[in-house]
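# Examination of the molecular architecture
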Amino acid sequence: MASSRERLNQTLNHIEPEEVVVDMGATPITGINANALDRLRKALGLEERKVKINEPLQLLGEVEEDVRQALHLDCVEISTGMNMFGFSNEGRKPWTMQSGLEVDVPAAFHTTVDGTGRTYLYPQGDLSVPPSGMMPKGGFFFDNITRGNIEFDEDTNSAKEDFKDDFAVITEKQLKELERQCSYYYSNTEYGIVYSGAIASIGDFAIVPGPSVKHPKGIRNLPDFMMAHHICPDYIHEVFEMQVETGLKNAELIRQACGDKIQAVYISGTDFGTQNGPFMSLDSFREFYKPYYKRINDWVHKNTNWKTFYHTCGAVMSFLPDFYEAGMDILNPVQLSAKGMDGKKLKEEWGDKFVFWGGGIDTQHTLPFGTPEEVYREVTQRLELFSKGGGFVFNTTHNIQSPTSAENMMAMFQAVRDFKNRR
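Structural notes, computed from the coordinates.

Conventions adopted
Residues numbered from 1 in each chain as written. Predicted model: local features only at pLDDT ≥ 70, side-chain atom pairs only at ≥ 80, totals over all residues. Heavy atoms only, no water. Pairing = 2+ DSSP bridges. Helix = DSSP H or I, 4+ residues; strand = E, 2+ residues; numbered from the N terminus. Disulfide = S-S within 2.5 Å. Core = buried A, V, L, I, M, F, W, Y, C linked by side-chain atoms within 4.5 Å. Buried < 20%, exposed > 50% of the residue type's maximum accessible area, 1.4 Å probe, protein only. Contact = heavy atoms within 4.5 Å. Phe/Tyr/Trp six-rings, centres within 6.5 Å; stacked < 30°, edge-to-face > 60°. Lys, Arg positive; Asp, Glu negative; His and termini not counted. Salt bridge = Lys/Arg side-chain N within 4 Å of Asp/Glu carboxyl O. Axes fitted to C-alpha atoms, helices over the stretch in contact; angles between N-to-C directions. Parallel < 35°, antiparallel > 145°, perpendicular 65-115°, else oblique. Left-handed = near helix turned anticlockwise from the far one by under 90°. Nonpolar A, V, L, I, M, F, W, Y, C, P; charged D, E, K, R; others polar.

What follows concerns the sheet that holds strand 15 (residues 355–357). Backbone hydrogen bonds are what pair the strands of a sheet, in a parallel or an antiparallel way. Taken together, eight strands build an open sheet; the order of strands is 1-16-15-14-13-12-11-4 and the sheet is parallel. Lying at the two open borders of the sheet, with one neighbouring strand each, are strand 1 (21–22) and strand 4 (75–78). Note: strand 15 against strand 16 (residues 392–394), two bridges, orientation parallel. Of the residues in strand 16, the one forming a bridge with Phe 356 is Phe 392.

Next up on the list: the state of the cysteines. Tallied over the full model, the rule gives zero disulfides. The thiol of Cys 258 is unpaired, and the distance to the nearest cysteine sulfur, on Cys 182, comes to 3.4 Å.

Here we take up the nonpolar core. Counting residues in hydrophobic clusters, the biggest one holds 110 residues, and the most contacted among them are Met 24 and Phe 323. Per-element tally for this core: the top contributor is helix 7 (residues 233–258), with 12 residues. Setting aside its immediate chain neighbours within four residues, Met 24 contacts Thr 30, Ile 32, Leu 40, Val 63, Val 67, Leu 71, Leu 73, Asn 395, Ile 400 and Phe 413. Val 21, Ile 29, Phe 309 and Trp 357 belong to the second largest nonpolar core, which has 14 residues in total.

Our next topic: the environment of Asn 421. Secondary-structure assignment places Asn 421 in helix 14 (residues 406–421). The exposure class assigned to Asn 421 is exposed, which follows from its relative accessible area of 62%. On a C-alpha basis, the gap between Asn 421 and Glu 19 in space is 8.8 Å, while along the polypeptide they are 402 residues apart.

Applying the stated criterion across every chain, the model contains 29 aromatic pairs. Plain terms: the ring middles of Tyr 324 and Phe 354 are 6.1 Å apart, the flat faces sit at 85 degrees to each other, and that makes the pair edge-to-face. Of the two residues, Tyr 324 is situated in helix 10 (residues 320–326) and Phe 354 in the loop between helix 11 (343–350) and strand 15; the sequence distance between them amounts to 30 residues. Since its relative accessible area comes to 42%, Tyr 324 is described here as partly exposed. Overall, Phe 354 belongs to the buried group, its relative accessible area being 0%.

Strands sit in the order 7-8-9-10 across an open sheet of four strands; the sheet is antiparallel. Two strands bound the open sheet, and with one partner strand each, they are strand 7 (111–113) and strand 10 (143–144).

Moving on, we come to the pairing of strand 11 (residues 192–195). Looking along a regular strand, one sees the side chains alternate between the two faces of the sheet. The two faces of strand 11 match: Gly 192 and Val 194 on one face and Ile 193 and Tyr 195 on the other face are all buried. As paired elements, strand 4 and strand 11 share four bridges and run parallel to each other. Within the sheet, the bridge partner assigned to Cys 75 lies in strand 11 and is Gly 192. Relative to strand 12 (residues 264–268), strand 11 runs parallel, the two being bridged by two bridges. Within the sheet, the bridge partner assigned to Val 194 lies in strand 12 and is Ala 264.

Attention now goes to the environment of Arg 180. Following the sequence through the fold, Arg 180 ends up in helix 5 (residues 172–188). Linking Arg 180 and Cys 258, residues 78 residues apart in sequence, is a C-alpha distance of 9.0 Å.

The element strand 13 (residues 307–311) is largely enclosed, with a buried count of four among its five residues. Note that strand 12 and strand 13 share four bridges and pair parallel. Residue pairing for strand 13: Ser 268 is matched across the bridge by Tyr 310. As paired elements, strand 13 and strand 14 (residues 330–332) share three bridges and run parallel to each other. Bridge pairing in strand 14 links Phe 309 to Ile 330.

Here Asp 362 is to be found in the loop between strand 15 and helix 12 (366–369). Despite being buried, Asp 362 has no salt bridge partner; Arg 382 is the closest side chain of opposite charge, sitting 5.5 Å away. Here Asp 362 is in contact with Ser 337, Leu 367, Pro 368, Glu 378, Arg 382 and Thr 397, once residues within four sequence places are set aside.

For the rest of this paragraph, the subject is the packing of helix 5 against helix 7. The N-to-C vectors of helix 5 and helix 7 enclose an angle of 45 degrees; their axes lie 9 Å apart at closest approach. Compared by their axis directions, helix 5 and helix 7 come out oblique. In the crossing of helix 5 with helix 7, the sense of the turn from one axis to the other is right-handed. Across from Leu 175, Leu 178, Glu 179 and Cys 182 in helix 5, the residues of helix 7 making contact are Leu 253, Ile 254, Ala 257 and Cys 258. Its residues assigned to classes, the contact of helix 5 with helix 7 shows seven nonpolar, no polar and one charged.

Here we come to the pattern of salt bridges. Taken as a whole, this structure holds 27 salt bridges when the rule is applied. Between Glu 19 and Lys 420 there is a salt bridge, with its nearest N and O atoms 3.8 Å apart. With Glu 19 in the loop between helix 1 (4–12) and strand 1 and Lys 420 in helix 14, the pair connects residues that are 401 residues apart, well separated along the chain. As far as the burial class goes, Glu 19 and Lys 420 line up, both buried. Between Lys 294 and Asp 298 there is a salt bridge, and its shortest N-O distance comes to 2.8 Å. Here the residue Lys 294 and the residue Asp 298 both occupy positions in helix 9 (residues 290–303), the gap between them amounting to four residues, near one helical turn. Judged by relative accessible area, Lys 294 falls into the partly exposed class, the value being 34%. Judged by relative accessible area, which is 37%, Asp 298 ranks as partly exposed.

What follows is the structure in structure tokens.
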């Protein structure tokens, strides 16, 4: 039997492996909410321990080795350990989620709660500045808070000045940690290795508000940012140019630290689709996004053997020719519930061009709200559809959400095991 790493390599090169590759937790968009992870650990009969939060915005839990072993997962992440709020995941302390679950959070994870029950999270863990994240009472994750300039003046605002604190080059300390992680997993395990830090999420709505910046400036309101593509396009190009330049510097540093021990690298989490259609016209994508993505992908393909991993939710079928021309290798989350995202058509027309990483089950409806029988049936159907000919990594359609029952998660993994065993 080929190792997980060998099977991931086959999958990424559109060779059908002996067993389908399975991921949970190798990226911040293929993970699991801490509440759901705690239920899953209990259902698996694993040692009782507090779940570690490794992605504060979505309150994702760290998938540890005992979970990987129990579920026969194939992929691990390596990262700098920096999160979207600009502080390190180093150091640990207890924190109680709104569900009552006590979890382990980074030392710099500082929150306050107001009189209505809203919970606030702070950039770089600094309680002396306005919060950059808010979770409503009864919520399951944080939303960004829009800060920055209330009014934008094209004559006085400079993108280079406004966004100078948003994009950082990897530090020597972070690079050594990357090298340590990569060397450990490569030499001591057979897992497939994925770099999970988004190298250049150009225009990503999770990044535009500046959750890691203490005093953001410029266009931070998302509707205004989208309008700026047409009102002041040079400003948007300046922001994206800065982001790509930093991304390319970081890509080179990652290459120096890890080389081709990495198999896939997460480039961007920018969503181009809504439930019912694209976020923007193809003309806008071709002007503002495609050239920058192509620069990054061209560098990766010229200098490494990595495959480029892109996350974009929603109805993006009409964008696929341009995604392919831009050099995207891996598409996630493969949201078949969005308009026009027909799985059969995706596999037939694009299955030899893109690796579909996700789409294994609907996380909006079936996984959290269906019966275990419905979960089992949908997972089996998706595996039968996407696994033929390779180019498919089984993962849910985006992260497993907080309300998901242990019974449904166990039904999902049982379907995966049964599918493997019958082949």
